[in-house]
Structure formats: structure tokens, C-alpha cells
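# A look at the structure
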Amino acid sequence: MSTVQGKLKLLDQTRNFLALSKLKSCNYVTEDDLQNSYIPIKTHNMLKFGRNGNEVNVIINHPAISGVHFAMWCILFDEDSFPMCYIKDISLNGSKINGIQLQKDTSYLLRHNDIITIDDMTGSICAFQFIEPIEVKTDDTIFQKLNINQQVNKWCISNRIVGNGTFGHVLICKDETKKPNQTRKLKSKDYAVKIIKMKADRINKEGRILLLLNHPNIIKVYYTSMDLNNNLYIFQDLATGGDLFSYLAKTDCLTAIPETEALLIVYQILLALKYLHSRGIVHRDLKLDNILLESPEPCTRITIADFGIAKNLTSTNGRMHTVVGTPEYCAPEVGFKANREMYHHFSRAATLKDPDKGYNNKCDLWSLGVITHIMLTGVSPFYRDGTEKSIIESAMRGNINYNIRHWEKISSSAKDFVDHLLKVDVRKRFDSKKSLDHLWLKKHRTQLDEIYIKRILQGNSPNDSLSGMKTAKNSADHENRVSSEHNWKRKKPKTMVISSKKVKLNTLTSYAKKQPI
Ligand SMILES: Nc1ncnc2c1ncn2[C@@H]1O[C@H](COP(=O)(O)OP(=O)(O)OP(=O)(O)O)[C@@H](O)[C@H]1O
């Protein structure tokens, strides 16, 4: 079940212009909500307002309103975090927050009591007040709790946490120099800052690598800084659609997405990997949690984040020997051992015993294979009973069972693609260039490029961009995604029998957020 995470109060005469669309299957707004003048904003549901009843949830009947005027959604990182509600204007005439014009196609975090208005020449057509759950408004203790600064250079950090990891907290911040300027009068963007408690002698590797990079599918970093308490601040773009884990975790299990949608995500990840690998950089911790979305819908731009254990190989001999990553996504040659006593030494990371072995940038392609497998089937290929030992042993064997029902509707070229990435023998595994040339991508390359340029790079929002691409015969997953009511959180592992022959595979869709080593 999805839950209400915020509300829009209808102000003034707004109610008179509103009607519910016929999109019953995915419209959770009811006549009662309109009568009571409160529209709920729920997790996992894009809420669209506009004039076109076939595309929006709430119709605003007025000639100055665009077909789809603005969209809202809510992201909840996990069950312990505060919800983040966002708004994106996609209209011709524009929308305002507290009287300040929103930049078209840009997402803004909504704050308690924000007033959203749509105006025409004569004044305000409709007005909504955003109401946040009570706890969000009052939590100002975060700066003391984390022992961090609220102001760093020109950046002002807010009390809102977008995500937490093993090493960092990610908070919303603003660039103070970008106050709405008088001529354009546009609302300034929100940014994110990742704050990591560093050991005294540690250098800022993550910031250093990220500052070198400039690619549409890699999170853009603007500035890094260290304070007197050894907190490292990495100021970067805010990904307003949450991460891929949250996007897929709509029920107790991870849900598969349609093949076309997965294809566009894979394409973007591959473009980023090709860029990274050609510069000698290996990510080494690709996983669902580190793939960020611009908005939680198909055809969105994705960015790769978390370069905390990335390696710049230009200064080495091109091979790595440190055992790092997250076992579930980690290539066998990286050297995770089912028995930790087998490690040469083990602090935060272990080192491979045999200096001749080592691994190269193809470890990222294995991780992409795992991610693609999950997106297409909802199943994590080597998860077994969820213990580190069983995951590692299963990845070493590398056997993928393509006979489970989850693969039934997936095209043979998609299966073949996954198979070429999840090759235990590194020599047989595709690199990023070969992967981009694989039939699964190649046969849709023209459409992928078209969508990439129009939607990803230019940010246009046609709703049916993926409809022309016929990959699988049909996609039952599609129905899963639009119809049901969902509730999600970062889950505890559990097991499930998925073979009709009663073979216990336990490759389960429901699992906890994985911590890297
Ligand atoms: N720029 C961003 N915009 C929005 N959300 C973000 C951003 N960066 C990170 N996040 C969220 O915060 C979470 C934690 O961030 P990140 O993975 O960088 O931290 P970490 O401590 O390195 O995590 P890990 O435990 O994977 O090493 C991510 O999974 C994501 O949901």
C-alpha cells in the first residue's frame, strides 16, 4: 500500500476548476478529497494536474492551463526517513511557488506551507498550499547530531536528508549566490551535499574523481570541502527521482520493469561506463542504490553516484587487488571469499593474496549484469538465502536459471545480453563498448539515440517515447507497475521457492539494502 506523505490544500476558488480524470486505474484522488479540499500526495504515484483528462489525475478546467501543467511525486528513501515531495512544471504559461516562477522542466523540493499558484493575465487561476507531515517541520537538530556545518562557503545546507549510506549522509542544500534574480525571477534550484566523516589521514578520493568528470549520466559535482571535524562535503546535483532501488521496491519485493524501460536505463549506464573506463576510472560499487533518477517515471535521465570506492587506474598498472564492493553485485574475480579468514588481511578492505591475479574494469560490467537481471525479472541472480557466503558461492558458479517464469516474457536478445555480462570468465565477458554493440541495444539504437537526445539531454517530456520500441512480446510487468497500490522500504531478506519442481532457488526479489565493504 502506498501511503499519504503530504497534502495539497485547495485555496480560494480552486475547487471550482477541478475535476477528477477518468484515469481510475492509477488515480487515487477521490471526489471526497476534492470536497474536503485536500488532495493527498502518495509514494509511488505520479500526480499530474492539467487540462488533458487522458493524461492527468486532476483536471484543471481553464484555457490558460496546459494539457499537463505540473507533476508532483513523493520519494521515501526508507521507512525511517522523511518523505520528499517534489513539483515539476511542464507547462506553457508556468507555475509559481510563493510568487516566484518555476523554471520549466526543473524539479523543486516542496516545503511546508509553500503556496503553488497558476496565474493568467487577470491574476491567480488556482492556488494550492502544500502541507507536510508534522515531524518534517520540526527536525532542526540534525546539525548537532551529525556535528556538521550549516553553511559551507556559498552553500547553505538544510535539515532534509535525501539518503543515507554506510559512509555518508546526503542532505538538500542551496547555492546562496543563486537567489531568484530580478530580471528572470526564477526560483533557484535545490542541490544535494554528501557528507562523509573521514579518518584524519584519508584523502578526498571521491571528490577528486568526481570533479574530473563531466557526463550527463554521472552525478555532477560542483565543489568539495573539508571542515575542522574531518567532515568531507561533496556538493552535487540533486537527483529528484530517488534511486533505482526505491523505484523498483514498490511492494514487499522488487518489481520488474518493462523491457523497454530497462533498456533505456542500461543504455545510459553503458554510456557512462564507456566514458569512465576510457578515462581509466572504475566505479567498483555499481548497484541499484547508486543509480539515481531525475524523476520516478519511465524515460527519465539516470545518473551514477557514489564514487566512494572508485579507482583511477591511470596511475597504476591497470589492475586492482583490493577486495571492495557489495557482494551481491560483485564480480567473482574481485575476490570476495565465502570465508573471511581466507583474506590476506581485512580492515575496511581485503587484498588479493596473489599479486598476479587482480581484476580490471570489467567488474563494473558484471554489476551491470546483476542490475539488468533485477530490472528485467525482479530477481537478484545470486541472492540465494541472502547470506554473504551463499551469494559469493553462487556468483563464483555463475549459473543463471533462464527457465524461471520471470524470464518467460523477456526477449532472447535481452537474455543474451545479461548472459554476456554475467560471465565468470572475464575474458569472455563483454566490455562497455562490446555491450553497446550487442544486438539488444543495436536493434533499437536509432530510437534510443532519439529519446536520449530529446528527453535525456534536452529534457522534453513526450509521454509515449518508449511506445514505439517493441522488445518483449508483451510486458505483464507493465500491469504490475501501474495498477497496484504499493508500500516499500529497504527490506529484510527472506526466501521463496520459485521453481515448480520444488527446487529451492531462493533467488529472491525481496532484500535489504546492501552495504559495501
Ligand atoms: N545527488 C543525490 N541526489 C539524490 N539522492 C542522492 C544523491 N546522492 C545520494 N543519494 C541518495 O543517498 C543514498 C546514499 O548515498 P551514497 O550511496 O553516495 O552514500 P554511501 O555512504 O557512499 O553509500 P554506500 O553505503 O552505498 O557506500 C543513495 O542510495 C541515494 O538514495
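Residues numbered from 1 in each chain as written. Predicted model: local features only at pLDDT ≥ 70, side-chain atom pairs only at ≥ 80, totals over all residues. Heavy atoms only, no water.

Which entries qualify depends on this criterion: UniProt positions are given in the numbering used here, feature names are shortened, and annotations may be inferred rather than shown by experiment.
Named according to an unreviewed UniProt entry, the protein is Meiosis-specific serine/threonine-protein kinase mek1 originating from Maudiozyma exigua. The record in UniProt for the protein states the following under Sequence similarities (unreviewed entry): "Belongs to the protein kinase superfamily. CAMK Ser/Thr protein kinase family. CHEK2 subfamily."

### Some thoughts on the nonpolar core
For the record, the criterion: In plain words, nonpolar cores are sets of buried Ala, Val, Leu, Ile, Met, Phe, Trp, Tyr and Cys residues tied together by side-chain atoms within 4.5 Å. Only protein chains enter the accessibility calculation, which uses a 1.4 Å probe. A residue is then buried if its area is under 20% of the maximum for its type, exposed if over 50%, and partly exposed in between. Each helix is a run of H or I in the DSSP string that is no shorter than four residues. Each strand is a run of E no shorter than two, and both are numbered from the N terminus. Whether two residues are in contact is decided by their heavy atoms, any of which lying within 4.5 Å being enough.
Counting residues in hydrophobic clusters, the biggest one holds 80 residues, and the most contacted among them are Leu213, Leu244, Leu248, Ile269, Leu288, Phe307 and Met375. If you tally residues by element for this core, the top one is helix α6 (residues 259-278), at 13 residues. Each residue touching leucine 248, except ones within four places of it in the same chain, is listed here: Cys253, Leu254, Thr255, Ile257, Leu288, Ile374 and Met375. Within the second largest apolar cluster, 30 residues are counted, among which are Ile41, Phe70, Leu102 and Cys126.

### Some points on the UniProt feature "binding site: ATP" (unreviewed entry) in the protein
Under the UniProt annotation, "binding site: ATP" (unreviewed entry) lies at Lys194. Checked against the element boundaries, lysine 194 lands in strand β16 (residues 191-197). If near-sequence neighbours (up to four positions away) are discounted, lysine 194 is found in contact with Gly168, His169, Val170, Glu206, Leu232, Tyr233, Ile234, Gln236 and Asp306.

### A look at the layout of surface pockets
Defined as follows: In this analysis a 1.4 Å probe is tested at points of a 1 Å grid over the protein atoms alone, and where it fits but cannot get out there is a cavity; an open set with protein on both sides within 12 Å along at least five of seven lines is a pocket; lining residues have an atom within 4 Å of a point. Grid points are joined across faces, edges and corners, and a volume is the space filled by probe spheres set on the points.
Approximately 690 Å³ is the volume attributed to the second largest pocket. Around the second largest pocket, the lining is made up of 31 residues, and of these Asp105, Lys189, Asp237, Glu294 and Arg301 lie nearest the centre. Contributions of two or more residues to the lining of the second largest pocket are made by β20 (291-293) and α12 (445-457). Broken down by element, the residue count for the lining of the second largest pocket peaks at three residues, all from α12.

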